[in-house]
Amino acid sequence: MTKQFELAVDRIKCDGRGLCAEILPERIRLDSWGYPIVAPGPIPEHLMGLAARAVDDCPVLAIALRRAQVQKQRPK
Amino acid sequence: MSAPQLLAGPDPSRGSERRAEHVARLGPLPKGGHALIELLVRTGLTGRGGAGFPVGLKWRAVTTASHGSAVVIANGAEGEPHSRKDRLLMTSRPHLILDGAMLAAASVHAKQVVLYIGEEHHAAMRSMSGALTERTEHERRMVRIVAAPPRYVAGDSSATVHLVDAGIATPTTTPPSPRDRGVGGAATLVQNVETLAHVAVIARTGIATDTVLITVAGGVRAPGVFEVNVGTPLGDAVQLAGGASEPVRAVLVGGYFGQWVEPAEAWSLPLDPHALRARGLSLGCGVIGLVPASHCAVCEVAGIMRYLASESSAQCGPCFFGLRALADACTRIAERGTDPGDLQRLQRWSAEVQGRGACKHPDGVVMFLQSAMKTFGDDFAHHPAHIRRSA
Amino acid sequence: MNNSVLWYTTRGAGAVSLVLLSAVVVLGILSVLRVQTTGWPRFLTVGLHRNLALMTLVFLTLHIVTAVVDPFTHLGWLAAVVPFSSYYRTFWLGLGTIAFELLLAIVLTSLVRGFIGQAAWRLLHWLTYAAWPFAVLHGVGTGTDAWSAWLFTLQAFCVIAVLAAIGYRFMTGSRDPLADARSSFQGAVDRREPR
């Protein structure tokens, strides 16, 4: 089974530049204030190239690809 | 109702209990370690800071991540405006808290203990530092006091660690969580002071404590902190506070990140973290707030929303702008009357804000607002314009 | 090889490098200013900025290689890497060497930005504001036809464009809508010892 990846945004580093939503509108849209809302779940194979570009083009390195995780309860 | 456990002993209003009396009353400090952690797991003690996470599991996790140099932070910041329990414990039972902190340090293999106390909470500061002078040389060398800025998020775990580590009390991105990488990169245990006090009792008795500290505030005759048995009906706690001073519109259970409940349902609610969770509620930091019927519910909610929005650390766009937009919409409804557009906006923005901050602040506020819109649905839907009333 | 070809190539590649570098600086500033229109997305500004920077290095390499290889200039390869080591127009050429090395550092660190982290990358990127004026001064000082009409016009245009962009950037505040609120909150909870 091939590795699956998902996009994760560092909410503190992100300052609403919006390039990620321009590059990957299939998975990222901007909220009412210009900050990215990322569709949850792994990225489809055919969009991985664009996802990698979105990660690379972010001017503040606020978005990254990580191994797709199973949802689990997060303690404080 | 059986005897209090944390506040047993001399009257808390008499001030800081001295070490000699504390030891005479409760016995010497037991040993911490693996056995204590397992005991905590068995007793099912949950945190009293607001999140209610199982204490034993947390200590296990920190021990695993610790390489003999973990850090324990006793969180007494008490940023929740109406909560008084942590201060009461610090000013009257400092040695219970210090015992708990030392037991934690021994159990998770920590070499440093930090007492995180609100910088404006002078009595608590005095009491804890005074109590520190009565401890052993070894303990005194391990412990230091760090002052918390008087802001709501200053008590957040990652903000606490950030302040202790780098001098700025803003929440940080997790992962990594403080349990794994906290102060100086070491595994850090952040535990509320009341929780540590419970640990100090449990370590001596070998069984679970069966009390909880509650702050009753708002429209009651004698607001204050009360130690009640777990499972006590909320109405009984309100009676301890002298009963409602006027007819009650609604009860806020769990402080500003809690839920609104109608009085009829509220009085019989058991003050038990597990039981409340089963009903979709949360004890949180133990604040029970009564809103009198003479107060406008929408205006109360709008005021609290404005406060919570202003307490955003402004690091994440969705939180800062989203909460401000939500608070503004609530204020518009409160001052100018209901507008269906505003009601829709509240729904839409709540969905957009939830889960999109680095910490739990926006989530807590959204849950508070959603609970308010459910409980005060009619008030929100048909609110007339009137002058803003202060809380 | 005909000496003139090398000489013309050196000067031509140098001029193109300057134009490209100026465009890169302007695009970098437009990127920070978050400029965008319906037809011009932000990733285009960033993409052009990077691609033109790489092109600049290509033309710079051509400029340097043809200059060194040209027997007329008596430049050794050392002059291309050690500033102020050439016999030919020592000072002005040295500025060019420095500009080249700064640009190389900036581009290389940008290529490994993910490894060195945003903070380190940003610090090095500020060197652009040293690299560009050095490149301009180098062109003004070394070009034998620096004062010929076409080259003078070209250089003037580049300088005006970049200075205008810099001026505009420092006149407008931060485009980060959270900047003020964030620093004000940080100020309120900052408990580090005053220096």
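Residues numbered from 1 in each chain as written. Chains lettered and ligands numbered in written order. Predicted model: local features only at pLDDT ≥ 70, side-chain atom pairs only at ≥ 80, totals over all residues.

J.: Before we go on, may I ask you to explain the overall build of chain B in this structure?
T.: When its secondary structure is counted, chain B shows 17 helices and nine strands. Its C-alpha radius of gyration of 21 Å places chain B within 12% of the 21 Å reference for a compact globule of 391 residues. By its C-alpha atoms, chain B is 65 × 45 × 35 Å across when sized along the principal axes. (Helix = DSSP H or I, 4+ residues; strand = E, 2+ residues; numbered from the N terminus. Rg over C-alpha atoms; globule rule 2.2 N^0.38 Å.)

J.: Sorry if this is basic, but what is going on with the sheet that holds strand 5 (residues 211-218) of chain B here?
T.: Backbone hydrogen bonds are what pair the strands of a sheet, in a parallel or an antiparallel way. Residues and elements named next belong to chain B. As summarised here, the arrangement of the five strands in space is 6-5-9-7-8, forming an open sheet in which the pairing is mixed. One side of each edge strand has no neighbouring strand; the edge strands of this open sheet are strand 6 (224-229) and strand 8 (259-261). Strand-to-strand twist of the sheet, defined as the mean angle between neighbouring strand axes without regard to direction, takes the value 30 degrees. Pairing geometry for strand 7 (residues 248-253) and strand 8, over three bridges, is antiparallel. Counted as the bridge partner of V253 is Q259 from strand 8. Here helix 16 (residues 361-375) sits on the sheet and contacts strand 7 and strand 8; the angle it forms with strand 8, its principal contact strand, is near 20 degrees. (Pairing = 2+ DSSP bridges. Axes fitted to C-alpha atoms, helices over the stretch in contact; angles between N-to-C directions. Contact = placed C-beta atoms within 7 Å.)

J.: Teacher, can you tell me more about the packing of helix 3 (residues 55-65) of chain B against helix 5 (residues 94-108) of chain B here?
T.: Residues and elements named next belong to chain B. Put simply, helix 3 and helix 5 touch, their axes get as near as 9 Å, and they point 45 degrees apart. Compared by their axis directions, helix 3 and helix 5 come out oblique. Touching W59, V62 and T63 of helix 3 are A104, S107 and V108, all from helix 5. Across the contact of helix 3 with helix 5, the residue classes tally to four nonpolar, two polar and no charged. (Parallel < 35°, antiparallel > 145°, perpendicular 65-115°, else oblique. Nonpolar A, V, L, I, M, F, W, Y, C, P; charged D, E, K, R; others polar.)

J.: Before we go on, may I ask you to explain the domain arrangement of chain B in this structure?
T.: The extent of an interface is frequently quoted as the accessible surface area lost upon association of the parts. Residues and elements named next belong to chain B. By the assigned domains, chain B splits into domain 1 (12-205), domain 2 (211-292) and domain 3 (297-381). Of note, the centres of domain 1 and domain 2, computed from C-alpha atoms alone, are 25 Å apart. Taken residue by residue, the interface counts 12 residues in domain 1 and 15 residues in domain 2. Of the residues in the side of domain 1 that touches domain 2, the class split is one nonpolar, six polar and five charged. (Domains from an automatic or database assignment.)

J.: Is there a simple way to think about the interface of chain A and chain C in this case?
T.: Taken together, the 11 residues of chain A in the interface contact 11 residues of chain C. Ranked by residue count, the leading element in the side of chain A that touches chain C is helix 1 (residues 19-23) of chain A, at three residues. The class makeup of the residues in the side of chain A that touches chain C is five nonpolar, two polar and four charged.

J.: What's the story with the sheet that holds strand 4 (residues 188-192) of chain B in this structure? I'm lost.
T.: Residues and elements named next belong to chain B. In space, the four strands of this open sheet follow the order 3-2-1-4, with parallel pairing throughout. Unpaired on one side and paired on the other, strand 3 (143-148) and strand 4 mark the two borders of the sheet. Averaged over all pairs of adjacent strands, the angle between their axes in this sheet comes to 25 degrees, without regard to strand direction. By the bridge criterion, six bridges tie strand 2 (residues 110-118) to strand 3 in an arrangement that is parallel.

J.: Can you help me understand the packing of helix 4 (residues 85-92) of chain B against helix 9 (residues 193-205) of chain B in this one?
T.: Relative placement of two packed helices is described by the angle separating their axes and the distance separating the axes. All names here are of chain B. Across the interface, helix 4 lies against helix 9 with an axial gap of 9 Å and an inter-helix angle of 50 degrees. Classed by the angle they form, the pair helix 4 and helix 9 counts as oblique. Where helix 4 abuts helix 9, its residues K85, D86, L89 and M90 lie against V193, E194 and A197.

J.: Help me understand the nonpolar core in this model?
T.: Soluble, globular proteins show a tendency: their nonpolar side chains are buried together. All names here are of chain B. Ranked by size, the top nonpolar core spans 132 residues in total, and within it V72 and A104 carry the most contacts. When residues in this core are grouped by element, the largest group, 10 residues, is from helix 14 (residues 317-336). Look past the residues within four positions of A104 in its chain and what remains in contact with it is G32, W59, V72, A110, L189, Q191, L196 and V199. (Core = buried A, V, L, I, M, F, W, Y, C linked by C-beta atoms within 7 Å. Buried ≥ 20, exposed ≤ 12 C-beta atoms within 10 Å, placed from the backbone.)

J.: What am I meant to see in the environment of V161(B) here?
T.: Residues and elements named next belong to chain B. Note that V161 resides in helix 8 (residues 157-166). For the pair formed by V161 and L189, sequence separation is 28 residues and the distance between their alpha carbons is 9.3 Å. If we ignore the near neighbours within four places in the chain, the residues touching V161 are P178, G182, V183, T188 and V190.

J.: When you look at the interface of chain B and chain A in this model, what are you seeing that I'm missing?
T.: Counting residues at the interface gives 16 residues for chain B, matched by 11 residues for chain A. Elements represented by at least two residues in the side of chain B that touches chain A include exactly helix 14 and helix 15 (340-353) of chain B. Counted by class, the side of chain B that touches chain A contains seven nonpolar, six polar and three charged residues.

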